Amino acid sequence: MNPGFEKFKSCPSNIINSGTLLEDVSLPTSSSGDYFNACGSSDFSVPANFKGSQKAEEGSGYVGLYFYALNNYREYVQLNTSKTLREKHPYKISLNLSLAEASSLALKNMSIVLVNKKVKFPNGSALTSSRMDLKEDIMFHEVKLKPNKSLANTDDWITLTAEFDAKGFENHIIIGNFKNNVDTELLNHDGSILSSDFSYYYVDNLMLEELPRINYEKDKIYVLERNPYEPKGYELDAEAIASVKKIFKYLKENAEVQMKITGHSDNVGKPEYNKFVSSLRARAVALYLKNLGIDDNRIVWEGVGDTRPLRNGKIKESHLSNRRVEFVMTDFQDE
């Protein structure tokens, strides 16, 4: 709720608790972040303000937080979700960050924390997992975010994203740095850190969406998603790895399912070699799943070379499409 920090009660004009200015936004500690808006005073305006200059990623406002400062001082914002997340359902979360020009430090990693209720801790020190563990009525779930650019970027907005499975209790999201100074990894920083050094980020445009659950019909043939194989290629590319991780998730959630993997090749070259390459393609998928934790007896694989070509007149480059891996989910049979 209020993911872009556009719903506010009054324009920012001085250092004031951002939780009192914004609707559906609260502060989980006693420290106060800043709110910036195009309607605000010169120090709290957009794009220029007392920490630097940055236009809003969307709308006219955003918040600013200390992610690293002397004596483990931190600032956070806490947003309500519109409803409690559903247990074991997949979600995608994203937000935009921009390092303020006044900052002398940049973080290497970021995460968000989802909690089961609106929380409030005394003082402004780092909200670490060990600190949250001390409160028996709080359940929390930390999710690591992946940035699309360097977190040292001050010119424009960085997008950080993550996909995760909900625990089933999450109804608030906390944004900030959840490690103390010793454990925080800094980016491109050499030499000692001065007491005056800090890392301050603008935050905007939080998004949370529920993803469709991964499902495969039993006894139906699926083709592994990936870029076309090279003629002799068999290794998994990034797209194939993402596909195999989806399969792994499905197999973990459906213990009664067994998987058969079949590798295929085109008809260029000798049949014996084609069968060998197709076997390597199927084996690569099987090994990746086994390394992720799927038992050997739940995976069957083989290579059939060019003996089962696709027959589809709409495919212009059939030789590329015949270089593929297929898989079928069946009922598990323990031999």
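Everything discussed here concerns the structure shown above.
Note that the structure is predicted; figures quoted are calculated from it, not measured.

Turning to the overall build of the protein, a few remarks are in order. Within the protein, the regular secondary structure consists of five helices and 16 strands. A globule of 335 residues ought to have a C-alpha radius of gyration of about 20 Å, yet the protein, at 25 Å, is considerably larger. Classification of the 335 residues of the protein by burial places 48% in the buried group. In the protein, once contacts between residues fewer than 6 apart in sequence are set aside, the share between residues at least 24 apart is 77%. For the protein, the exposed area adds up to about 17,100 Å²; of that, 49% sits on carbon and sulfur atoms.

Moving on, we come to the sheet that holds strand 14 (residues 257-263). Taken in spatial order, the four strands of this open sheet run 13-16-14-15, and their pairing is mixed. The outermost strands of the open sheet, each flanked by one partner alone, are strand 13 (221-223) and strand 15 (299-303). Along the sheet, successive strands turn relative to each other by an average axial angle of 25°, direction set aside. Note that strand 14 and strand 16 (residues 325-331) share seven bridges and pair antiparallel. In the sheet register, K260 faces strand 16, and the bridge partner there is V328. Strands in contact with helix 4 (residues 271-292) are strand 14, strand 15 and strand 16; relative to strand 15, the strand with the most contacts, it is inclined by about 160°.

For the rest of this paragraph, the subject is the sheet that holds strand 8 (residues 110-115). One open sheet holds the ten strands; their spatial order is 1-6-11-8-9-10-7-12-5-2, and the pairing between them is antiparallel. Whereas interior strands pair on both sides, the edge strands pair on one side only; in this sheet they are strand 1 (25-26) and strand 2 (34-37). Note that strand 1 and strand 6 (residues 77-80) share two bridges and pair antiparallel. Opposite V25, over in strand 6, you have L79 as the bridge partner.

Another aspect to go through is the state of the cysteines. Here, disulfide denotes a covalent bond that connects the sulfur atoms of two cysteines. Evaluation of the coordinates by the stated rule reveals one disulfide. The disulfide partner of C11 is C39, and the S-S distance across this bridge is 2.1 Å. In this structure, the disulfide formed by C11 and C39 twists by about -115° around the S-S bond and is classed as left-handed. In this pair, C11 sits in the segment before helix 1 (18-21) while C39 sits in the loop between strand 2 and strand 3 (48-49), placing the two residues 28 residues apart along the sequence. On the basis of relative accessibility, which here comes to 35%, the residue C39 falls in the partly exposed class.

Our next topic: the pattern of salt bridges. It is possible for side chains bearing opposite charge to pair when their charged atoms get close. Summed over the entire model, instances satisfying the criterion amount to 14 salt bridges. K108 is paired through a salt bridge with E185; the nearest N and O atoms lie 4.0 Å apart. Of this pair, K108 sits in the loop between strand 7 (90-99) and strand 8 while E185 sits in the loop between strand 11 (172-176) and strand 12 (199-210), and the two are 77 residues apart along the sequence. A residue is classified by how much of its surface remains accessible, and K108, at 43% relative accessible area, is partly exposed. Overall, the relative accessible area of 44% leaves E185 in the partly exposed class.

Between V46 and the following residue, P47, the backbone shows a cis peptide bond with an omega angle of 15°. In this fold, P47 is placed in the loop between strand 2 and strand 3. Notably, N123 is not glycine yet its phi reads approximately 60°, a positive angle. As for its position among the elements, N123 is in the loop between strand 8 and helix 2 (129-133).

Our next topic: the side chain of D34. Along the chain, the position of D34 falls in strand 2. The buried charged residue D34 lacks any salt bridge partner; its closest oppositely charged side chain belongs to K51, at an N-O distance of 6.3 Å. A polar contact of 2.5 Å, which involves the side chain of D34, links it to the side chain of Y200. Excluding residues that lie within four positions of it along the chain, D34 makes contacts with S18, F44, F50, Y62, V63, G64 and Y200.

Cut-offs and rules
Residues numbered from 1 in each chain as written. Predicted model: local features only at pLDDT ≥ 70, side-chain atom pairs only at ≥ 80, totals over all residues. Heavy atoms only, no water. Helix = DSSP H or I, 4+ residues; strand = E, 2+ residues; numbered from the N terminus. Rg over C-alpha atoms; globule rule 2.2 N^0.38 Å. Buried < 20%, exposed > 50% of the residue type's maximum accessible area, 1.4 Å probe, protein only. Contact = heavy atoms within 4.5 Å. Areas by Shrake-Rupley, 256 points an atom, 1.4 Å probe, with all protein chains shown as cover. Pairing = 2+ DSSP bridges. Axes fitted to C-alpha atoms, helices over the stretch in contact; angles between N-to-C directions. Disulfide = S-S within 2.5 Å. Salt bridge = Lys/Arg side-chain N within 4 Å of Asp/Glu carboxyl O. Lys, Arg positive; Asp, Glu negative; His and termini not counted. Polar contact = N/O pair within 3.5 Å; in protein donor to acceptor, adjacent residues only side chain to side chain.

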